[in-house]
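Architecture and fold: a report
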Amino acid sequence: MKIISIKNNFGIPKYKQIISSIEKAIEEEKLIKGGKLPSINKVCAAFSLSRDTVLQAYEDLKKRGVIYAIPGKGYYVKSTETKIKQRIFLLFEELNIFKEDLYNSFLENIGKNVQVDIFFHHFNIQVFKKLIDDNNGNYTKYVIMPTNLADADIYIKTLPANEVYILDQTNSELKPYPAVYQNHKKDINDALLKGKHKLLNYKKMILIFPGYREPLGMKEGFENFCNDFSFGNEIITEFANRYIQAGDVFIIPNDRDLVSVIEKAKIQDLKLGRDFGIISYNETPLKKVVENGITTISTDFLAMGKIMAEMILGGKKKQIENKCSLILRNSL
């Protein structure tokens, strides 16, 4: 067989020899884009190999985007780019300034010869399911942000178990998978504890928690802290045109609500950091300068992207809690 060469007692697994042979054939233009590969049965017969051995080689090339399969017809060359050794399916909920930092950090640290394709489910379980169904079997690794979508684990479990990584949020159903994640319940409790000496200057803590995209652990950690230290508190689903009372301090996960609270305070002629307080979620450069500085609770998204890339490249299978911190500024 001209395209595939197999040597016995060569010290290299035979499925890898098949892969190398096909890559070499493509590089030497013995196989061109759209060209058909020898059938699995033909390769098995020519070299006395098991079907699983040949299938493993073809599936590896398929996941890397080098070949594709037409059911009932066979395998064909999809791309002549053989240097790509990994193709990563990266599923985000949305792209905002925080996740952009995470994404760029991941790309910077994942190295060369790796293709990363990013998709977005926009907190929609049907979109989530379709993206996973459509891309199952086409990638070497799957990095998933399940957020708080109900039944996300059911669809994740359809993917090859050894190729799945969880990013940003996890839960008990996803414990078997390696992950780099935020512990929102612990993070908010620890951050508020660090800022407790400042919070004592206020009368009431108000968490703006719509509950649609926000992690439930955030709400639980807030309630635990307030109960432990007998802080007056309230949880609201939206700010709308709420009247700000002197002595209020707002915990604000969403930046749209942050803008609304600051605008309302200006209308009421209240001074931030003196008459009322704000703790925002997720650090951005703008929060360093807005209103002379907004206090934030934030994980390190750059570190999250780097750790995930290193985990994949190193073949590690761990669950790593990403660090979070309270950045104190003028708003508290």
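Summary of the structure given here. Bear in mind the structure is a predicted one, so any value in this text is a computation, not a measurement. (Residues numbered from 1 in each chain as written. Predicted model: local features only at pLDDT ≥ 70, side-chain atom pairs only at ≥ 80, totals over all residues. Heavy atoms only, no water.)

1. A word on unusual backbone geometry
- With a phi angle near 80°, Asp168 is a residue other than glycine that sits in the positive phi range.
- By secondary structure assignment, the location of Asp168 is in strand E6 (residues 164–168).
- Phi angles above zero are rare outside glycine, and Glu291 is one such case at about 50°.
- As for its placement among the helices and strands, Glu291 is situated in the loop between strand E11 (277–281) and strand E12 (295–299). (Helix = DSSP H or I, 4+ residues; strand = E, 2+ residues; numbered from the N terminus.)

2. So, the sheet that holds strand E10 (residues 248–252)
- Strand order in the open sheet made by the 6 strands is E9-E8-E10-E11-E12-E14, with mixed pairing throughout. With partners counted over all chains shown, the strands left at the sheet margins are strand E9 (233–236) and strand E14 (324–327), one partner each. When the angles between neighbouring strand axes are averaged without regard to direction, this sheet yields 15°.
- Across 4 bridges, E10 lies against E11 in parallel orientation. Each bridged residue has a counterpart across the sheet, and for Val249 the counterpart in E11 is Gly277.
- Together, strand E8 (204–208), E9, E10 and E11 form the strand contacts of helix H9 (residues 216–228), whose direction differs from that of E8 by roughly 170°.
- Running over the sheet, helix H10 (residues 255–267) touches E8, E10 and E11 and is turned about 165° from E11. (Pairing = 2+ DSSP bridges. Axes fitted to C-alpha atoms, helices over the stretch in contact; angles between N-to-C directions. Contact = heavy atoms within 4.5 Å.)

3. Notes on the pairing of strand E1 (residues 67–70)
- Sheet analysis places E1 next to strand E2 (residues 74–77), joined by 4 bridges and oriented antiparallel. In the sheet register, Ile70 faces E2, and the bridge partner there is Gly74.
- The antiparallel hairpin formed by E1 and E2 contains 3 residues in its connecting segment, where Gly72 sits at a positive phi of about 85°.

4. A few points about helix H7 (residues 184–194)
- Taken residue by residue, H7 has His184, Asp187, Ile188, Ala191 and Leu192 as its buried positions. All buried residues of H7 project into a common sector of 120° when viewed along the axis, lining one side. (Buried < 20%, exposed > 50% of the residue type's maximum accessible area, 1.4 Å probe, protein only. Arc of directions from axis to C-beta.)

5. Thoughts on the sheet that holds strand E4 (residues 114–120)
- Reading across the sheet, the 6 strands line up as E4-E3-E5-E6-E7-E13 and stay open at both edges, with parallel pairing between neighbours. Edge positions in the open sheet fall to E4 and strand E13 (319–321), since each of these has one partner strand only. Within the sheet, the average angular offset between the axes of one strand and its neighbour, ignoring direction, is 15°.
- As paired strands, strand E7 (residues 179–181) and E13 are joined by 3 bridges and run parallel to one another. Considered in E13, the bridge of Ala179 is made with Gln319.

6. Re the environment of Phe239
- Residue placement: Phe239 occurs in the loop between E9 and E10.
- With a relative accessible area of 2%, Phe239 lands in the buried category.
- Note: C-alpha distance between Phe239 and Lys316 (77 residues apart in sequence) is 43 Å.
- Setting aside chain neighbours within four positions, we find Phe239 in contact with Ile208, Ile244, Phe250, Asp257, Ser260, Val261 and Lys264.

Remember that the coordinates give geometry; whether it matters functionally is a separate question.
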